[in-house]
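Coordinate inspection notes
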Amino acid sequence: MEKATIATFNAWTFESCEESYKCVGAFKKKIGVTEYRDAGTYVYEYNPRRTLKNPDPAWLTEWDKISEDEHLNTADETYQALLVAAGRRTWQARCYADFAALDSEWRANDAKWNKDIDSAVKISEPYEHITAVRALMTTAIEEAHKAQSLIDHMRTDVGYANTLNGALKGAYDSTGRDYLYAIQAPPRLGRVRPRLSAEIERDLYCFRAMSSGTPKTPALPSFAGGDSYTERGAKFVRPIFTQDQREKLAKLADEQAIAAEKAFVPGKFNDAWANAVFDGKAEISGHPKLAHMPNYGEIKKISTENGKQVLEIAEHSEGAYSYDCVETNKFDHWDGNGRAVYRSICKQGKEVSDLAVKIVVGADLPAGVTLAVGDRIEGFATVQAHVAKTLVDTKPYVKKSESWAFELQHLSSISRKGKTVSKWW
């Protein structure tokens, strides 16, 4: 009977029975255990604990505490312990093997991505640097959106994804455009984390697979976990994860993701427009006098001063306004509140405005980009000077002039003949 017990135990796996309530009976039947009764009609059976040396000290850690009594209910605790130990041992071996194959694939994928990320990070030209990292991010986000199972997410949300998020923030920070990272909020991967050591990742994988399974690894069957049919014997078997391990693993991935997210949070930057910056009412933190420079009009002239390109914009506008209005008694229309509105007789005034903008290109333009007369641009620039004057201010005629001087630091967009030619985030 001892040899049959050992042989059955060694051959038994977590897949050897499907219905938990049948497992103990199937196990004993495989061994060839038979019941017998004494004169008092008590039911007995062979109890392996009485004659058998511990068949698996690694899993049956409390073997010596199992009773040797051969009353049926007591002896069944030994069979339950053997069942649970065999189930846990073989399930863990399966999970470890599954993980090893997956981990190899994941880390190879990380290596491929990291090579591309490294290439993008090494680009010195600011626009190309950021553009290259953003292109990788677009591809990564598309892949992440397709992820469904734990295995998918372990591939797309761990390892290279964390590296890529860091590279994105670094691309803006290292090129002096940290404010753009905050103001324009480029898309990045969510809930990512570093890939930890193979042993820790293995435990994370098996901890989750144990309860819900994965497309590659079945969940641990209930009899091996210690359900109502095996719980009396399960207490003599080493758990796959101790309570302390379970508590740590249950929150480890989240803690890693939260810590990673904090590293990618942008600084506190607010968008600031030229008027507000010049008036001292706003500032982009850490970038004195830097402002969001709007599209002021078409470039009228391009020249060079002190080795830098200079753009000049000149806009002239004329408009009409009403003054000295006198209301008549002639009905015109009903307003939105049902009140009558009467016609007015007004004099017409003329308003003339002249705008002059000078932009020194202080930073390199994107590779291959050439500005031309007639282009309209927008970007971020340091405000050098601003003068606004009212030259004439009479009832029939108002004339104003305004001039700006900027030094361009980042080109956001170019439009030509009413169409956007290029945009940079």
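Residues numbered from 1 in each chain as written. Predicted model: local features only at pLDDT ≥ 70, side-chain atom pairs only at ≥ 80, totals over all residues. Heavy atoms only, no water.

**Thoughts on the environment of Glu-15**
Selection criterion: Elements are defined by DSSP. Helices are runs of H or I of four residues or more, strands are runs of E of two residues or more, and each kind is numbered from the N terminus. For every residue, the accessible area obtained with a 1.4 Å probe (protein chains only) is divided by the maximum for its type, and the residue is called buried under 20%, exposed over 50%, and partly exposed between those limits. Residues count as neighbours in contact if any of their non-hydrogen atoms are within 4.5 Å of one another.
Along the chain, the position of Glu-15 falls in the loop between helix 1 (2–11) and helix 2 (20–31). Residue Glu-15 is classed as exposed on the basis of its relative accessible area, which comes to 51%. Between the alpha carbons of Glu-15 and Gly-87 there is a distance of 7.8 Å; along the sequence they are 72 residues apart. Non-local contacts of Glu-15, meaning those with residues more than four positions away in its chain, are made with Arg-94 and Pro-218.

**Here we look at the packing of helix 9 (residues 198–212) against helix 12 (residues 243–264)**
In plain terms, the rule: Angles here are taken between N-to-C directions and fall from 0 to 180 degrees, while the axes themselves are lines fitted to C-alpha atoms, restricted in helices to the stretch in contact. For classification, angles of less than 35 degrees are called roughly parallel, those exceeding 145 degrees roughly antiparallel, those between 65 and 115 degrees roughly perpendicular, and all remaining angles oblique. Throughout this entry, Asp, Glu, Lys and Arg are counted as charged residues, while Ala, Val, Leu, Ile, Met, Phe, Trp, Tyr, Cys and Pro are counted as nonpolar. The remaining residues, Gly among them, count as polar.
Between helix 9 and helix 12, the shortest axis-to-axis distance is 10 Å and the interhelical angle comes to 100°. With respect to helix 12, the element helix 9 is oriented roughly perpendicular. Across the interface between the two elements, Ile-200, Asp-203, Leu-204, Phe-207, Arg-208 and Met-210 from helix 9 touch Arg-246, Leu-249, Ala-250, Leu-252 and Ala-253 from helix 12. In terms of residue class, the contact of helix 9 with helix 12 is built from eight nonpolar, no polar and three charged.

**Topic: the nonpolar core**
Generally speaking, soluble globular proteins have nonpolar side chains that are buried together. Rules: We call a set of buried Ala, Val, Leu, Ile, Met, Phe, Trp, Tyr and Cys residues a nonpolar core when their side-chain atoms join them within 4.5 Å.
Judged by nonpolar contacts, the single largest core of 55 residues is most densely connected at Leu-164, Leu-189, Tyr-296, Ile-359, Ile-377 and Phe-406. The leading source of residues in this core is helix 5 (residues 126–146), at eight residues. Not counting residues up to four positions away in its chain, the partners in contact with Ile-359 are Met-293, Gln-309, Val-310, Leu-311, Ile-313, Ile-377, Phe-406 and Leu-408. The next biggest cluster of nonpolar side chains, apart from the first, holds 47 residues, and it includes Trp-12, Phe-14, Phe-223 and Phe-241.

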